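# Residue-level structural notes
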Amino acid sequence: MVSFFWRVIGVVLLAWVAWDLYAGYTLLYDVIYRSMDPLMYWIGIALWSALGLSCFFSSGGKD
């Protein structure tokens, strides 16, 4: 059950990344717009992507 929970969280985070790519802004410590601060925007996208992908590779033991 726990493994399923983290997979759902991973899907939600990757959906968030997809929305951020579409909308052109992301949330870290503040709203960061791609056009105004592209470096921090891509760092934020990388952070959310890594966090979302890590949910699929966690070792939760027996399910």
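All values derive from a computational prediction rather than experimental measurement.

### Some details on the packing of aromatic side chains
- Evaluation of the coordinates by the stated rule reveals 5 aromatic pairs.
- Measuring from centroid to centroid gives 5.3 Å for W19 and Y22, while their planes differ by 45 degrees, and the two rings are tilted. Remark: Y22 and W19 occur in helix α1 (residues 2-23); sequence separation between them is 3 residues, near one turn of the helix.
- Taking relative accessible area as the criterion, Y22 reaches 66% and is therefore assigned exposed.
- Between the aromatic rings of Y25 and Y33, the centroid separation amounts to 5.9 Å while the plane-to-plane angle is 55 degrees, which identifies the pairing as tilted.
- Exposure remark for Y25: the relative accessible area of 29% places this residue in the partly exposed category.

### Focus on the side chain of T26
- Looking at the element boundaries, T26 is found in strand β1 (residues 25-27).
- On the accessibility criterion, T26 (0% relative accessible area) is buried.
- A polar atom in the side chain of T26 sits 2.7 Å from the side chain of D20.
- If sequence neighbours within four positions are ignored, T26 has contacts with W16, D20, V31, I32, Y41, G44 and W48.

### A short note on the nonpolar core
- The biggest cluster of nonpolar side chains holds 7 residues, and these are L13, V17, I32, Y41, I45, W48 and C55.
- Counting residues per element, the ones that place at least two in this core are α1 and α2 (38-54).
- Residues in contact with I32, not counting those within four places in the same chain, are G24, Y25, T26, D37, M40 and Y41.

Thresholds, definitions, all that
- Position numbers for residues start from 1 in each chain and track the written sequence from start to end.
- Reporting in this predicted model follows two pLDDT cut-offs: at least 70 for local features of residues, and 80 or more for side-chain atom pairs to be given and counted; totals over whole chains, interfaces and linings ignore these cut-offs and use all residues.
- Side-chain numbers come from the whole structure's heavy atoms, not from hydrogens or water.
- Any two of the Phe, Tyr and Trp rings considered here, Trp counted by its six-membered ring, make a pair once their centres fall within 6.5 Å; the pair's planes then place it as stacked at under 30 degrees, edge-to-face at over 60, or tilted in between.
- Here a helix means four or more residues in a row that DSSP labels H or I, a strand means two or more in a row labelled E, and each is numbered from the N terminus.
- Burial classes: relative accessible area under 20% of the type maximum marks a residue as buried, over 50% as exposed, and values in between as partly exposed (1.4 Å probe, protein chains only).
- Two N or O atoms count as a polar contact when they lie within 3.5 Å, although within protein this holds only if one can serve as hydrogen donor and the other as acceptor, and sequence-adjacent residues are included solely when both atoms are side-chain atoms.
- Residue contacts are defined here by distance: any two heavy atoms, one from each residue, within 4.5 Å place the two residues in contact.
- The set of buried Ala, Val, Leu, Ile, Met, Phe, Trp, Tyr and Cys residues whose side-chain atoms join them within 4.5 Å is what this entry labels a nonpolar core.

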